[in-house]
Amino acid sequence: MVSPGDRWFGLSPSDKALEKDAEVLAWCEAVADIIYWTYARPEVMFHQTMHELFLDLGVFGTAVGLQEWDDELQLPVFRAYPLAHCYVQENDKGEIDTVFRKLNYTKRQAVMAYGEGELPRKVRECKDEDRVFEFCHAVIPEPKGLHRWRSVHICVAEPKIVRRRGYRDWE
C-alpha cells in the first residue's frame, strides 16, 4: 500500500481553478518528489514502520506509530510501538486522544534519549550502563495551549519529568 517503488500518493491544490495552472502542478509534483525521497531514506524508517503498523492494524484493529522531527538528522523519523507497551484512552466521541507508552531504556540509552542532565539522580549515578530503567511517555490532550497535545516523558524509577514537548496534530 505504501510501496517504496510505486507512487502511492500525489499532491494537488485544493482550489480547483489552480489545477489547470502548469506552474502549480509542477510545484505539487516537486514537493511530492521531496516527500517520496525523504520517506525512502533508511534512517527515516517510514517503510519499516508502516509495515509494522499495517500488521498491527490487521491483527489487532489498532496500531501505535509516531512521527517526530529528528534534530540531528534534520529529517522526520517514524516508529511503530508494540501494543503490549501502550495504553490508550478515548474522548467522549470514542476517538483515541490519549496514549501512555512504556519504555525500557538502559542507562546508556536514557542518556542518549534525554541527556544526562535531565535524568534523575538515581539514573545518573548508576555505574552499570546496561541497567534498565522504566520510563513512561504520555501524550494527553491540551486544549488551551500552543499544541493540541502535550507530550511528557517521565522516569518511573525516581519520578521526574525528563522531557516536555507538544504536538499540533494527531494522525
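Everything numeric in this text was worked out from a predicted model, so none of it was measured. (Residues numbered from 1 in each chain as written. Predicted model: local features only at pLDDT ≥ 70, side-chain atom pairs only at ≥ 80, totals over all residues. Heavy atoms only, no water.)

Colleague: What is the right way to look at the nonpolar core in this model?
Modeller: What tends to happen in soluble globular proteins is that the nonpolar side chains get buried as a cluster. Listed in full, the 10 residues of the largest apolar core are Leu 103, Ala 110, Tyr 114, Leu 119, Val 123, Cys 126, Phe 133, Phe 135, Cys 155 and Val 162. Looking at this core, the elements with two or more residues in it are α3 (107-114) and β5 (132-141). Beyond its immediate sequence surroundings of up to four residues, Leu 119 is in contact with Ala 110, Val 111, Tyr 114, Arg 124, Phe 135, Lys 160 and Val 162. (Core = buried A, V, L, I, M, F, W, Y, C linked by side-chain atoms within 4.5 Å. Buried < 20%, exposed > 50% of the residue type's maximum accessible area, 1.4 Å probe, protein only. Helix = DSSP H or I, 4+ residues; strand = E, 2+ residues; numbered from the N terminus. Contact = heavy atoms within 4.5 Å.)

Colleague: For this particular structure, what's the right way to read the sheet that holds strand β6 (residues 149-155)?
Modeller: Backbone hydrogen bonds are what pair the strands of a sheet, in a parallel or an antiparallel way. What the 5 strands build is an open sheet, ordered β3-β4-β5-β6-β7; its pairing is antiparallel. Both edges of this open sheet fall to β3 (86-90) and β7 (160-167), since each of them pairs with a single strand only. Strand-to-strand twist of the sheet, defined as the mean angle between neighbouring strand axes without regard to direction, takes the value 15°. As judged from the 7 bridges shared by β5 and β6, these two strands associate in the antiparallel manner. Bridge pairing links Ile 140 to Arg 150 in β6. Taken strand by strand, α3 contacts β4 (96-106), β5, β6 and β7, and its axis lies near 130° from that of β4. (Pairing = 2+ DSSP bridges. Axes fitted to C-alpha atoms, helices over the stretch in contact; angles between N-to-C directions.)

Colleague: Where do I start with the pairing of β7 in this structure?
Modeller: For a regular strand, side-chain orientation follows a simple rule: the groups alternate between the two sheet faces. As defined by bridge partners, β6 adjoins β7 across 7 bridges and the pair is classed as antiparallel. Looking at the pairing, His 153 lines up with Arg 163 of β7. Here β6 folds back onto β7, and the loop between the two strands holds 4 residues.

Colleague: I keep staring at the packing of aromatic side chains and nothing clicks. Help me out?
Modeller: Aromatic rings in a pair are described by how distant their centres are and how their planes are angled relative to each other. All chains considered together, the criterion is met by 10 aromatic pairs. Seen in terms of ring centroids, Trp 8 and Phe 46 are 5.7 Å apart; in terms of plane orientation they differ by 5°. Their pairing is stacked. Remark: Phe 46 occurs in helix α2 (residues 46-60) and Trp 8 occurs in the segment before α1 (22-40); sequence separation between them is 38 residues. Residue Trp 8 is classed as partly exposed on the basis of its relative accessible area of 30%. A relative accessible area of 4% means that Phe 46 is categorised as buried. Consider the rings of Phe 9 and Tyr 36, whose centres lie 4.5 Å apart with planes at 15°: the pair is stacked. Separated by 27 residues along the polypeptide, Phe 9 in the segment before α1 and Tyr 36 in helix α1 bring together distant segments of the chain. Members of the aromatic cluster, joined through ring pairs, are Trp 8, Phe 9, Tyr 36, Tyr 39, Phe 46 and Phe 78. The cationic tip of Arg 101 hangs over the ring face of Tyr 81; the distance from NZ or CZ to the ring centre is 3.7 Å. (Phe/Tyr/Trp six-rings, centres within 6.5 Å; stacked < 30°, edge-to-face > 60°. Lys NZ or Arg CZ within 6 Å of the ring centre and 35° of its normal.)

Colleague: Mind showing me how you'd approach α3 here?
Modeller: Given 3.6 residues per turn, any residue in an α-helix points the same way as the ones three and four places further on. Taken together, the buried positions of α3 are Lys 107, Ala 110 and Tyr 114. Projected down its long axis, α3 shows its buried positions confined to an angular sector of 60°, all on one face. Tucked into the core, α3 has its buried residues touching β4, α4 (121-124), β5, β6 and β7. Positive backbone phi, at 90°, marks Gly 115, one or two positions downstream of α3. (Arc of directions from axis to C-beta.)

Colleague: What should I look at first to understand the pairing of β5 in this one?
Modeller: As judged from the 8 bridges shared by β4 and β5, these two strands associate in the antiparallel manner. By the bridge assignment for β5, Tyr 105 is matched with Phe 133.

Colleague: I'm lost on unusual backbone geometry in this one. Help?
Modeller: Generally, phi is negative for residues other than glycine and the peptide bonds are trans, each holding for most cases. Although it is not a glycine, Met 45 sits at a positive phi angle of roughly 60°. The topology assignment puts Met 45 in the loop between α1 and α2.

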